[in-house]
Amino acid sequence: MKKIAVTLGLLLLFTASRAIAADAYLMVFLDEAPLRGVTVTLDDTPIGETDGNGRISAPLTAGEHVLGLSDDDLTFPVAFSSGADEDVEIVVTFTASTGDEPVVSVKRFAVGDVAATGFITGTVKNTVGAPVVGANIIAEGVDASTATDSDGVYVLELPRGAYDVRVVAPDYRSVDIPNVRVLADTGVTAGVTMYAAESDAVAVQLPSTQLEEVVVLGVFNPTDTSEGIERFATSITNAIDIEQLQRFGDSDVASALVRVAGVSVTDSKYATVRGLDGRYISATLNGLLMPSTDPQRRDVQLDLFPTNILGGIEIQKSYTPDQLATTTGGSIKINTKGLPDEKINQVSGDLAYNFDFTGDDVLAHRSSETEWLGFDNGLRDLPNRVVNATDGGQSLTICDPAIDPERCTSQLDAAALAVQFQDDYNVRDKQALPDVSAGWAYGDRLPAGDNEWGYYGALNYSRETDDRGDAELSNPLETQGEYRRTRETVALNGYFVTGLEYGLADEVLSKTSILRATDDVTRLESGIDGREGNAITSAILEYVERQFFSQAFTGHNELESDIGLHIFDWRAAYSRTDRYEPDRRQYSYFNNNLSTSAFERRWSDLVEDSIDLGFDYKLPIDWGDYNTTELQAGLLWSDKDRTVEQYRFGIRQGDFRDVDLGIDQDLEEILSYQNFVVDRFRLAANTTQTDSYDSTEEIQAYYLNANTDLGDAWFFGIGARFEDFSQTLDYPNEPDSSNELNFDDWYPAISATWRPLDDWQFRVGYSETASYPGLIERSESISFDPFTDDPIFGNPNLQVSTIENLDARLEYYFSDTESISLAVFAKEIDQPIERAIPDASGSAARGITFRNQDSADLFGIELDATKNLLDEDEYLLFLGGNVSYIDSEVELSEDSIRLEGESANGRVLQGQSEWLANVQLGFDHYPTEQKVTLLVNYFDDRIFRVARGTQNGPEIESGRIIVDITYSKMFGEALTLSAQINNLLNDEFEFVQNGNTIESFETGTTFQVGLTYQFF
């Protein structure tokens, strides 16, 4: 039987044709709660399923009858008889206690008999949950009414029959509930929500098909809230539900994740869970894998996913066999919205002002006319003529074609190629505008015969500016000076879901997501080279379009059989990510003169296609008196195909060098088309044979698992996953450099949960997982760090890391919404992969490579709690928070010890903070429908980058405190005002090496205000 619980009683609403003499009325309870989805037959003829209020009716003739009830793994017959013109009311009450027989009540009444009575009871509240005192509940057509007490509760006794009920209260819009049927000796629960009255208000008329919208009934799903997910999950899990996402005001998944214990985020995109970065984390969208939009990393850029399309986020911190083998730090499960419960037509808009730079001048460079939509109109396109003439940017030899017609390109022909490029180089100032965003959502749920179908769509647009104020560089080994950096981001997103709910609990859904984000970055840096004392001025003009597309189909089916209820979940998806970086320009001046060797224009395009198929099967089996074992099995096939094309061009001086390269000259005049024609400058093709590559990554997996409940006190889970991983890299321009990695293994997991009391539970688990190298990490293609532009060298000899995990958590639940938990975890990593120092000299020595270290150990403790400090009729004050302590130790490889220094051996993992903490202090005022929340996030120092030599030490990103305040107020049922202050303290970003600050900047404090309007 389904495990459900609600507060009281059953609402019965049904009508029947009176063409024949009488009717049978059936209601089904689980303890005191209505039981939905019970399949019912009358004399072996199907009559349907009980609805969300546990009720169903059918015409009845005189004679002997048998009702058949089927739900999950139970079939239960009810025999009864009826006379002519006789209504029969049947109540079947099941119990959650194993072994107890259902209680059956059969009562017969003459049609129209009103001698027996029942009652209607419930609570009347306003839209923020405060009780409405003194509301009148009137049963129309009879002389019967009552009023709510100080808690908003009422009880109205009525003769059996059908009634139209009206709820009225001063200053509120009245509510009409038609055709409420009262049965003999039975309670009907109708919990009503009332909206504030308006001058032209009319009664809220709810037809019978919409009764559930105001009546607080139906199935309670313990996984609807974050507390429910954490409490009922079989593994160690944290969660953020829709209410929390709305309350926190976070705009995307990355910003929301920092509220979770043991989670931090770097570069506003990438999650670190329990001290482990993206290579140890699996991420899924609606249960399916996602391709990455970052050529440098295997993890997903989480800032692409706006929170307003989400149904919730789960972070599973302990591995179970139904998860990927890479679930070491955790699995981030992003779930988008499903079918709506009711019609929705909502518009929203936000405006934000940064106190540090909005209205002031920030950096910019020439942009295209359509850039405000997040699309380049072709201004930055790479000319095909240049690509074809230079063998894909790899070769351009300027000499006399008469000498070598195959190899040589004449100076004039080369100049003709050079003038194909746009001559846009100058950095300029422009006024920073306020950030804006707008959204529209529309959806509905509709009947489809005996089933229901629905749809929901959302469109969102945003434009925001980010500027680093007072940015300073003070690295004695590199640059000492200052820089300015401005980024303008445009996001354009669309989401649509449609599907059908049918049968007992069957569902099929189609979910389509298109998410785009465009970053336009301008950076201007000036200072002194700490090594050689040269004056350096450099500029970077960068434009990147990122797009994620996903079309997913998912289904849930349940099938009854003699051995139990078979549960099937299947999913299939096609996903595609694009990262397009057209015409990235970088140039530098050394001692105030343009350096032609440091000039580069780069085009890169990453396209990754992913096909994913998954299937899960569950079979719960009851055995003994109080025990249940759920057998699980599943399959996964994932195939990712990536294509990366990269082209690099530079300049060099020609035969005529009578041009002033000084910094005081207009660069667009220096590099004018005329100067290429007269041979003052020449185009250079700098693309290497391994700059472009094709790759394939395939995962084939299956798992077996068994979860057993021994009575109410013990749970045991045991299972294993077999995963076959393969990765292939091919270079179209250098076939001999291709390489392949294959790895397969079994990954076991075992867990136990002890519940000595209803409010206490203790979990413990052991598992083995893996971490695979990323594509760029094994690639022989030279790529470049998007922030420092340092070269990145892949290592084709990287091996798979394997990990042993031990997890434990003690939990206590004060109530359904209040809890405290203490978690402890330990991990042993064999051959961990880390960013490392290349064994190189010259400019390559500043680059980045990847290396398997010998081993790493990690240990951590997490404390997480939520408690209501004041919970009164008119207001609620609650406090939530978490704190994490994480320690790690890395045993470096011989090469890393030689390059980092002996003292570096035993250092912590890169990107891992020792301390993480969050605080959420919230206040709700029910009469005025207001909410305010104070959010505090802290992360401790973490290694940003390792450095060469013992005397240098790693570069450390200093810890920061981030304080946000959010506020919302409802005006009636349609309009909501929201406001928030982000980064209230404006704590400085600071990077330190050997105790010296080498870089620092601020991003400013932002005030944002928004409106949401719901059409009815």
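Just so you know, these numbers come straight off a predicted model, no measurement behind them.

Reading the values: rules and limits
- Residues numbered from 1 in each chain as written.
- Predicted model: local features only at pLDDT ≥ 70, side-chain atom pairs only at ≥ 80, totals over all residues.
- Heavy atoms only, no water.
- Helix = DSSP H or I, 4+ residues; strand = E, 2+ residues; numbered from the N terminus.
- Buried < 20%, exposed > 50% of the residue type's maximum accessible area, 1.4 Å probe, protein only.
- Contact = heavy atoms within 4.5 Å.
- Salt bridge = Lys/Arg side-chain N within 4 Å of Asp/Glu carboxyl O.
- Core = buried A, V, L, I, M, F, W, Y, C linked by side-chain atoms within 4.5 Å.
- Phe/Tyr/Trp six-rings, centres within 6.5 Å; stacked < 30°, edge-to-face > 60°.
- Lys NZ or Arg CZ within 6 Å of the ring centre and 35° of its normal.
- Patch = residues over 30% accessible without salt bridge, like charges linked within 9 Å, V, L, I, M, F, W, Y side chains within 5 Å.
- Areas by Shrake-Rupley, 256 points an atom, 1.4 Å probe, with all protein chains shown as cover.
- Lys, Arg positive; Asp, Glu negative; His and termini not counted.
- Charge placed at Lys NZ, Arg CZ, Asp CG, Glu CD.
- Arc of directions from axis to C-beta.
- Pairing = 2+ DSSP bridges.
- Disulfide = S-S within 2.5 Å.
- pLDDT = per-residue confidence, 0-100.

A. A look at the overall build of the protein. Counting secondary structure elements, the protein contains nine helices and 61 strands. Here the protein, with 1016 residues, has 53% of them falling under the buried criterion. In the protein, the proportion of contacts linking residues at least 24 apart, taken out of those at least 6 apart, comes to 69%.

B. Representation of the pattern of salt bridges. Overall, the coordinates contain 44 salt bridges when judged by the stated rule. The salt bridge involving Glu140 is made with Arg166; its shortest N-O contact spans 3.9 Å. Taken together, the residues Glu140 in strand β11 (residues 136-140) and Arg166 in strand β14 (residues 161-168) connect sequence positions 26 residues apart. Here Arg380 makes a salt bridge to Asp376, at a shortest N to O gap of 2.7 Å. If you follow the salt bridges from partner to partner, you end up with Glu371, Asp376, Arg380 and Asp520 in one network.

C. Just the nonpolar core, in detail. Ranked by internal contacts, the top residues of the largest apolar core, which has 29 residues, are Tyr587, Phe649, Leu667, Ile670, Leu671, Phe681 and Leu683. If you list the elements that add at least two residues to this core, you get α4 (384-389), α5 (411-418), β36 (564-590), β39 (627-653), α6 (667-670) and β40 (681-685). Tallying contributions element by element places α5 first for this core, with four residues. Those residues in contact with Tyr587 that sit more than four places away from it in its chain are Tyr425, Asn426, Val427, Thr537, Ser538, Ala539, Leu594, Ala598, Phe599 and Leu667. Grouped together as the second largest cluster of nonpolar side chains are 22 residues, Ile120, Ala135, Ala144 and Val182 included.

D. Focus on the packing of aromatic side chains. A complete count under the given rule lists 28 aromatic pairs for this structure. Between Tyr587 and Tyr589, the aromatic rings sit 6.2 Å apart at their centres with planes inclined by 85°, giving edge-to-face as the arrangement. When sorted by exposure, Tyr587 lands in the same class as Tyr589, which is buried. Within the aromatic cluster, the residues linked to one another by ring pairs are Trp440, Tyr442, Trp453 and Tyr455. Lying across the ring of Phe989, Arg960 places its NZ or CZ 3.5 Å from the centre. Stacked on the ring of Phe971, the Lys or Arg Lys969 has its end atom at 5.0 Å from the ring centre.

E. Representation of unusual backbone geometry. Positive phi, close to 70°, is recorded for Asp44, a residue that is not glycine. Along the chain, Asp44 falls in the loop between β3 (39-42) and β4 (45-49). Classification of Asp44 by relative accessible area gives exposed; the value is 76%.

F. Quick look at a negative patch on the surface. The grouping of Glu804, Glu828, Asp830, Asp854, Asp857, Asp887, Glu889, Glu891, Glu894 and Glu914 at the surface amounts to a negative patch. Broken down by secondary-structure element, the contributors of at least two residues to the negative patch are β48 (819-830) and β52 (875-891). Top element by residues in the negative patch is β52. It accounts for three residues. Looking at the element boundaries, Glu894 is found in helix α9 (residues 894-900).

G. Molecular detail of α5. Taken as a whole, α5 has its buried residues at Ala414, Ala415, Leu417 and Ala418. Considered in projection along α5, the buried side chains sweep an arc of 155° and stay on one side of the axis. In this structure, the buried side of α5 is in contact with α4, β28 (397-398), β29 (408-409), α7 (673-677) and β40.

H. Highlighting the pairing of strand β31 (residues 435-448). In this sheet, β31 lies alongside strand β26 (residues 344-354) in antiparallel orientation, the contact comprising nine bridges. Residue pairing for β31: Leu351 is matched across the bridge by Val436. Alignment of β31 against strand β32 (residues 451-474), held across 13 bridges, turns out to be antiparallel. Each bridged residue has a counterpart across the sheet, and for Gly443 the counterpart in β32 is Tyr456. As consecutive antiparallel partners, β31 and β32 are separated by two residues, and within that stretch Gly449 has a phi angle of approximately 70°, a positive value.

I. Looking closely at the state of the cysteines. Taken as a whole, this structure holds one disulfide when the rule is applied. Disulfide pairing is shown between Cys399 and Cys408; the S-S distance is 1.8 Å. When the S-S torsion is -100°, as for the bridge of Cys399 with Cys408, the disulfide is left-handed. For Cys399, a relative accessible area of 24% gives the class partly exposed.

J. Spotlight on the confidence of the model for the protein. Averaged over all residues, the pLDDT of the protein is 83; the fraction at 70 or higher stands at 86%. Under a pLDDT of 50 for its full length, residues 1-21 has, in the predicted model, 88 contacts with residues more than four places off or in other chains. Between residues 199-241, whose pLDDT stays under 50, and residues either more than four places distant or in other chains, the model counts 123 contacts.

K. Summary view of the side chain of Ser893. Here Ser893 shows up in the loop between β52 and α9. The residues contacting Ser893, other than those within four sequence positions of it, are Arg851, Asn852, Gln853 and Asp854.

L. Fine view of the environment of Phe357. Looking at the element boundaries, Phe357 is found in the loop between β26 and β27 (361-364). In contact with Phe357, not counting residues within four places along its chain, are Val362, Ala432, Thr465, Asp466, Asp467 and Thr1003.

M. Representation of the environment of Ala974 in the model. Assignment of secondary structure puts Ala974 in the loop between β57 (960-971) and β58 (975-982). Overall, Ala974 belongs to the buried group, its relative accessible area being 14%. The sequence separation of Ala974 and Thr1012 amounts to 38 residues, and the corresponding C-alpha distance is 8.0 Å. Once residues within four sequence positions are removed from consideration, Ala974 is found in contact with Thr1012, Tyr1013, Gln1014 and Phe1016.

N. Here's a closer look at the environment of Leu524. Structurally, the position occupied by Leu524 is in strand β34 (residues 506-529). The exposure class assigned to Leu524 is partly exposed, which follows from its relative accessible area of 32%. Sequence-wise, Leu524 and Ala539 are 15 residues apart; in three dimensions their C-alpha atoms are separated by 4.5 Å. Filtering out sequence-adjacent residues up to four positions away, Leu524 remains in contact with Leu363, Glu482, Tyr483, Arg484, Thr537, Ser538 and Ala539.

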